Amino acid sequence: MITRTRLAAGACALLAALAAGMAFPAGAVAGEPTGEDAPKVDLVLDVSGSMRTRDIDGGTRMAAAKQAFNEVLDATPEEVQLGIRTLGADYPGDDRKTGCKDTAQLYPVGPLDRTEAKSAVATLSPTGWTPIGPALLKAADDLEGGNGSKRIVLISDGEDTCAPLDPCEVAREISAKGIGVTIDTLGLVPNTKLRKQLSCIAEATGGTYTSVEHTDELTDKVNQLVDRAADPVVTPVATEGADACAKAPTLKSGLYTDREEFGQQRWYRVDVEPGQELRASVSVGADRAVNPSYGVLLRAVTVHGREIVRGEAAGNGRTDVLSTGLRYPKAESDEEDAPAEAVCLQVTNSFSVASGVKTTPGLPLELTVDVVDGPGDSDDVAAFGLGRGWWLLGLLVLVGFVAGLLWGWLSRWRFAVWRTN
């Protein structure tokens, strides 16, 4: 029994070592493209009196925000310039005019001193009003200057209390300035009115809205948004698709935006050389109320109308953006100077709206086109559907065969010794 146990353990160790040797890839180093200016993020925190409420993991909303901020400060990338602004932190009175001016820069946007920023966060105490609109205007001023990415992350547990300065209109005004500020919003209360207001703010600048009910969710989401600010900024190119392949604009590799009417089709053309691969994806956003059950179709066809490949996706009203994609590798040619093939991309949607909802302008569409060198026969990682996993599978079969032979030989030897004794 001891011999059998040791042999089994040895065989398992051998298999694990060989598998690790094959599966552990060599390290790759990729350059990180950086802009001329550092990315900037302004965290805007609601410090109004309602943040004293104890409904997040057994503690107050303020305690959850402080814990999340401290963890975010530890994880903020070095290249990100981060600031913290508050709304409703200083004025405890009932004068509305004064309360609606209560926004202050707790920590200025700039190179991050983590100790100093944490000390500033520790001083926060829920106090006053909820002047979201004025705070957003000031936060946009905090981020002015430079051509790097700029992001405001607004965290609130209540609606703005300083109307008629509508925070949604403020967000549209910030977007119209053309300074490239994106506003992401996080709601700490699952409230319908709060969700609508924060969603409107985010949508006005191309940002996102998220409802969070736990401290770890708040930490993870803010970290994600801060990291996103450090990503290279890609500016989409506006284009206008045609209603037929023959009239379609020819696109190079890049990111494009367009508008597509309800039930309309848009056509684009891409030239693909022999030995290249076309990779395309499309996202269509529902920027207004739409009926449930809808779909998006992306087709690659020849100029003669023959379908090459397609990608499709369906939705049921639970998401505002629907995306799909496709890949088309064009085979190598034996002919020298073989001409490129014109591939037509057709985008179709089946969104619909109830009566009374505007259908113009069309739905926002984002199209990504990438033409790359096609994979070779010997290094195609998708070969046979398993890629390099075939090598590992073959190795495991071989090792299993050898281990079986050893096991059989040892079993016969032990049986012969037993008969002799």
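Residues numbered from 1 in each chain as written. Predicted model: local features only at pLDDT ≥ 70, side-chain atom pairs only at ≥ 80, totals over all residues. Heavy atoms only, no water.

Together, Leu398, Phe401, Val402, Leu405 and Leu406 make up a nonpolar patch on the protein surface, roughly 500 Å² of accessible area in all. Mapped onto the secondary structure, Leu405 falls in helix 9 (residues 389–420). (Patch = residues over 30% accessible without salt bridge, like charges linked within 9 Å, V, L, I, M, F, W, Y side chains within 5 Å. Areas by Shrake-Rupley, 256 points an atom, 1.4 Å probe, with all protein chains shown as cover. Salt bridge = Lys/Arg side-chain N within 4 Å of Asp/Glu carboxyl O. Helix = DSSP H or I, 4+ residues; strand = E, 2+ residues; numbered from the N terminus.)

Moving on, we come to the nonpolar core. Of all hydrophobic cores here, the largest spans 32 residues; its most connected members are Leu43, Leu45, Ile155, Leu186, Leu218, Val222 and Val226. Within the residue set of this core, elements represented by two or more residues are strand 1 (40–46), helix 2 (61–75), strand 4 (81–87), helix 4 (114–122), strand 6 (150–156) and helix 8 (215–229). Once residues lying within four places of it in the same chain are set aside, the contact partners of Val222 are Leu43, Val72, Ile155 and Leu186. (Core = buried A, V, L, I, M, F, W, Y, C linked by side-chain atoms within 4.5 Å. Buried < 20%, exposed > 50% of the residue type's maximum accessible area, 1.4 Å probe, protein only. Contact = heavy atoms within 4.5 Å.)

On to the pattern of salt bridges. Following the criterion strictly, the structure yields 15 salt bridges and no others. A salt bridge links Asp74 to Lys118, with the shortest nitrogen-to-oxygen separation between them at 2.6 Å. With Asp74 in helix 2 and Lys118 in helix 4, the pair connects residues that are 44 residues apart, well separated along the chain. Classification of Asp74 as partly exposed rests on a relative accessible area of 48%.

Let us now look at unusual backbone geometry. In the segment running from Thr360 into Pro361, the intervening peptide bond is cis, with an omega of -5°. As for its placement among the helices and strands, Pro361 is situated in the loop between strand 16 (341–349) and strand 17 (363–373). Look at Ser293: it is not a glycine, yet its phi comes out positive at around 70°. By the secondary structure assignment, Ser293 is in the loop between strand 12 (276–285) and strand 13 (294–301). The class of Ser293 is exposed, set by a relative accessible area of 57%.

The next point concerns the state of the cysteines. For the structure shown, the criterion picks out three disulfides. Through a disulfide, Cys168 is tied to Cys200; the S-S separation comes to 1.6 Å. On the sign convention where negative means left-handed, the S-S torsion of about -50° between Cys168 and Cys200 marks this disulfide as left-handed. Of this pair, Cys168 sits in helix 6 (residues 167–176) while Cys200 sits in helix 7 (residues 192–204), and the two are 32 residues apart along the sequence. Residue Cys168 is classed as buried on the basis of its relative accessible area of 5%. Paired by a disulfide, Cys245 and Cys344 hold their sulfur atoms 1.7 Å apart. (Disulfide = S-S within 2.5 Å.)

This paragraph deals with the sheet that holds strand 12. Strand order in the open sheet formed by five strands is 9-10-17-12-15, with mixed pairing between adjacent strands. The open sheet is flanked by strand 9 (237–238) and strand 15 (321–329), the only strands paired with a single partner. As paired strands, strand 9 and strand 10 (residues 254–260) are joined by two bridges and run parallel to one another. Bridge pairing links Ala238 to Thr257 in strand 10. (Pairing = 2+ DSSP bridges.)

Attention now moves to helix 4. All of the buried residues in helix 4 are Ala117, Ala120 and Val121. Along helix 4, the residues classed as buried sweep out an arc of 100° about the axis, all on the same side. Facing away from the buried side of helix 4 by over 90 degrees, the exposed positions are Thr115 and Ala122. Buried residues along helix 4 sit against helix 2, strand 4 and strand 5 (103–110). Measuring from the backbone nitrogen of Thr115 back to the side-chain oxygen at the start of helix 4 gives 3.2 Å, which picks out Asp113 as the cap. (Arc of directions from axis to C-beta. Polar contact = N/O pair within 3.5 Å; in protein donor to acceptor, adjacent residues only side chain to side chain.)

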